[in-house]
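# Fold and geometry: a report
Here are the chains, one letter per residue:
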There are 2 protein chains.
Amino acid sequence: MSIAFYNGEFLPIDQQVVGIEDRGHQFGDGIYEVIRAYGGRPFLMREHLVRLENSARVIRIDLPYTIEQFEDLIRQGLERAGLQNSDAEIYMQISRGTASRLHTFPKDTRPNVAMTFKPARALPADLWEKGVAITLLVDERWANVYIKSLNLLPNVIAKQAATEAGYYEAVFFKDGYITDGSSTNVFAIKDGVLYTPPATKRILHGITRAAVLDIAKSLEIPTAEEEITPDFLANADEVFITSTSIEVLGVHHIEDKQIGDGTPGPITRRLHAAYRDMCKK
Amino acid sequence: MSIAFYNGEFLPIDQQVVGIEDRGHQFGDGIYEVIRAYGGRPFLMREHLVRLENSARVIRIDLPYTIEQFEDLIRQGLERAGLQNSDAEIYMQISRGTASRLHTFPKDTRPNVAMTFKPARALPADLWEKGVAITLLVDERWANVYIKSLNLLPNVIAKQAATEAGYYEAVFFKDGYITDGSSTNVFAIKDGVLYTPPATKRILHGITRAAVLDIAKSLEIPTAEEEITPDFLANADEVFITSTSIEVLGVHHIEDKQIGDGTPGPITRRLHAAYRDMCKK
């Protein structure tokens, strides 16, 4: 089953516990993480929590729990949800707190911590075998998407547009270069080299992205964190997208342009297999 | 006193009524308005509600109330808060609804309507007499700030930075041109002409901004909705900022640069006086 956590208490997921003047609710003034558990074990939990701390530091939210306390809460939540042996999805968000609405940071306000614990969404079994088609959209987001903040309206709108046009994901480009997807990072393989945009402020520093780069290095696949153009992407030998939820997912078309032979390529498959092995450890 | 409204019910302002999975809370997937009432009468209420409808249409939220119903709710709210004869601030926000977290629009979800009704914040009596200093910051917001959405983290961060540096407001520039402020629009007067950036997607289409342009026309002050540079702004004869809360507020310094004689200029004063007359009608 699914349950939630809010400011110290575990409760039903649909319980209405957030104040109207919560700053997450009124300003998107907060940060979040999504963590996947495999067989009840949260995968790369420490990495997600370190990123949460980084996001919090940048926008100057004092996290009310240490990493160790968050880890403990996550384990408790999975257990209370009966997901201690299941594939699960953990969502956590921290807002700056609840205060009479003013743009400036409120004084003496404690951050609000919300979490949800759910069984992992089942994706189609043949998703990774078949791969997906993506569309390219102009990146209209703000300059600091490396902060994993609650300001996700541009991502929502792009994902909706992609879905309605029959694509699995919208991948963005800005000033002539690929950035990332609405909820994914993007990779291209050309002549045996694995390319992905560098971890600037213009992209989300995906935990899965970092894991894939590590895996590639351990497999002795050359990697290049370099700016790539939409044209380079469309003419790559292989393309794939990554995220906590979709792991490593091959792209068979960028709009009308077929990538490779129209199925996920061999390096994509190898990286996904190695990622899956990592998840199971 | 202050009260709130949530999905059909009036309730205490600090009541926790929002679900964790409200899309306003998790994605900033919603829109808002702030309306000022003078002596209990909501000022330019119709204009605010028309803009709300425009924002909703752009991001495809079906408003659950008509403009007339919103007007009625606002009047009821002021009365229940005992503010029917007071200066008051009405905040309203509509999110896409509550649904299991996924970027794409949920199906069959009803938008959530939250409102707050409060006595107007008292601003220092000499604020308009003295004017304020502002700072200029790079505009890091997304491409569609004309949508009055809940994605306000860049505004929050800019306002906080300005405040900590001793400035009243942060005014943004993008690609070499002034856009607007963190919660205001910007005007400059040069050689008797009133300049303000045009109502593109890069600025909020302020209701006060529009009212001031109308007032200027009725006073036969020539107006120019044109792109202006930071340099033009710093060398203007007069500069002022506008919003629902601060009305028409003179700027005496842009960082170190004094504007005019260091007090709000004559055209600024004339426009503010005429605006105040309008509020009282």
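For the structure, see preceding data.
If you're wondering where the values come from, they're calculated on a predicted model, not measured in any experiment.

## Concerning the nonpolar core
Core analysis: the biggest nonpolar cluster contains 32 residues, and A:I74, A:M115 and A:F117 have the highest contact counts within it. Taken together, the elements giving at least two residues each to this core come down to β1 (3-6), β4 (30-38), α2 (45-58), α3 (67-80), β6 (88-95) and β7 (112-119) of chain A. Looking at this core, the element that brings in the most residues is α3(A), giving five residues. Core analysis: the second largest hydrophobic core is formed by 31 residues, B:I3, B:M45, B:L52 and B:I94 among them.

## Brief notes about the interface of chain A and chain B
Counting residues at the interface gives 56 residues for chain A, matched by 57 residues for chain B. With both sides pooled, the region where chain A packs onto chain B buries about 4800 Å², and carbon together with sulfur makes up 59% of that total. The interface formed by chain A and chain B holds four salt bridges in total. The partner of A:K118 in a salt bridge is B:E21, with the nearest N and O atoms 2.6 Å apart. At the surface where chain A touches chain B, the tally comes to 31 residue pairs in polar contact (both at pLDDT 80 or more). Looking at the side of chain A that touches chain B element by element, the count peaks at nine residues for helix α5 (residues 153-164) of chain A. Classifying every residue of the side of chain A that touches chain B gives 24 nonpolar, 20 polar and 12 charged.

## Some thoughts on empty space enclosed by the protein
Evaluated as defined, the whole model comprises two cavities of 30 Å³ or more. Around the largest cavity, the lining residues are B:R36, B:F43, B:L44, B:H48, B:I207, B:T208, B:T244 and B:Y275. Class assignment for the residues of the lining of the largest cavity results in four nonpolar, three polar and one charged. A:D237, A:E238, A:V239, A:V251, A:I259, A:G260, A:T263, A:P264 and A:G265 are the residues that line the second largest cavity.

## Regarding the relation of the copies chain A and chain B
For the match of chain A to chain B, the screw axis carries a shift of 0.0 Å, the RMSD comes to 0.0 Å, and the turn is 180°. In short, the pair behaves as if placed about a two-fold rotation axis. When you check the interface residues of chain A against chain B, 100% turn up at the interface there too, and the contact is symmetric in its surfaces.

## Topic: the environment of B:L44
Residue and element names in this part refer to chain B. Tracing the backbone through its elements, the reader meets L44 in the loop between β5 (41-42) and α2 (45-58). Note on L44: relative accessible area 15%, which makes it buried. With residues near it in sequence (within four places) discarded, L44 still touches I207, A211 and M278.

## Looking at the pairing of strand β11 (residues 185-190) of chain A
On any regular strand, side chains alternate: one points to one face of the sheet, the next to the other face. Residue and element names in this part refer to chain A. Of all six residues in β11, five are buried, a share of seventy percent or more. Where β11 and strand β14 (residues 238-243) come together, five bridges link them in antiparallel fashion. Bridge pairing in β14 links V186 to I241. Inspection of the sheet shows β11 paired to strand β12 (residues 193-196) by three bridges, in the antiparallel sense. Bridging from a neighbouring strand, A188 pairs with Y195 of β12.

## So, the sheet that holds β1(A)
Residue and element names in this part refer to chain A. If you trace the six strands from one edge of the open sheet to the other, you get β2-β1-β7-β6-β4-β5, paired in antiparallel fashion. With partners counted over all chains shown, the strands left at the sheet margins are β2 (9-12) and β5 (41-42), one partner each. In the sheet, β6 pairs with β7 via eight bridges, with the strands oriented antiparallel. Counterpart to A88 in the pairing with β7 is P119. The sheet contacts of α2 involve β4, β5 and β6, and relative to β4 the element is tilted by about 180°. Packed on one face of the sheet, α3 meets β1, β2, β4, β5, β6 and β7 and runs near 40° to β7.

Scoring rules and cut-offs
Residues numbered from 1 in each chain as written. Chains lettered and ligands numbered in written order. Predicted model: local features only at pLDDT ≥ 70, side-chain atom pairs only at ≥ 80, totals over all residues. Heavy atoms only, no water. Core = buried A, V, L, I, M, F, W, Y, C linked by side-chain atoms within 4.5 Å. Buried < 20%, exposed > 50% of the residue type's maximum accessible area, 1.4 Å probe, protein only. Helix = DSSP H or I, 4+ residues; strand = E, 2+ residues; numbered from the N terminus. Contact = heavy atoms within 4.5 Å. Buried area = accessible area lost by both parts, 1.4 Å probe. Salt bridge = Lys/Arg side-chain N within 4 Å of Asp/Glu carboxyl O. Polar contact = N/O pair within 3.5 Å; in protein donor to acceptor, adjacent residues only side chain to side chain. Nonpolar A, V, L, I, M, F, W, Y, C, P; charged D, E, K, R; others polar. 1 Å grid on protein atoms, 1.4 Å probe; cavity = no way out; pocket = protein on both sides within 12 Å on 5 of 7 lines; lining within 4 Å. Points joined across faces, edges and corners; volume = space filled by probe spheres on them. Least-squares fit on C-alpha atoms with pLDDT ≥ 70 in both. Pairing = 2+ DSSP bridges. Axes fitted to C-alpha atoms, helices over the stretch in contact; angles between N-to-C directions.

So far we have only geometry, and geometry alone does not tell us how the molecule works.
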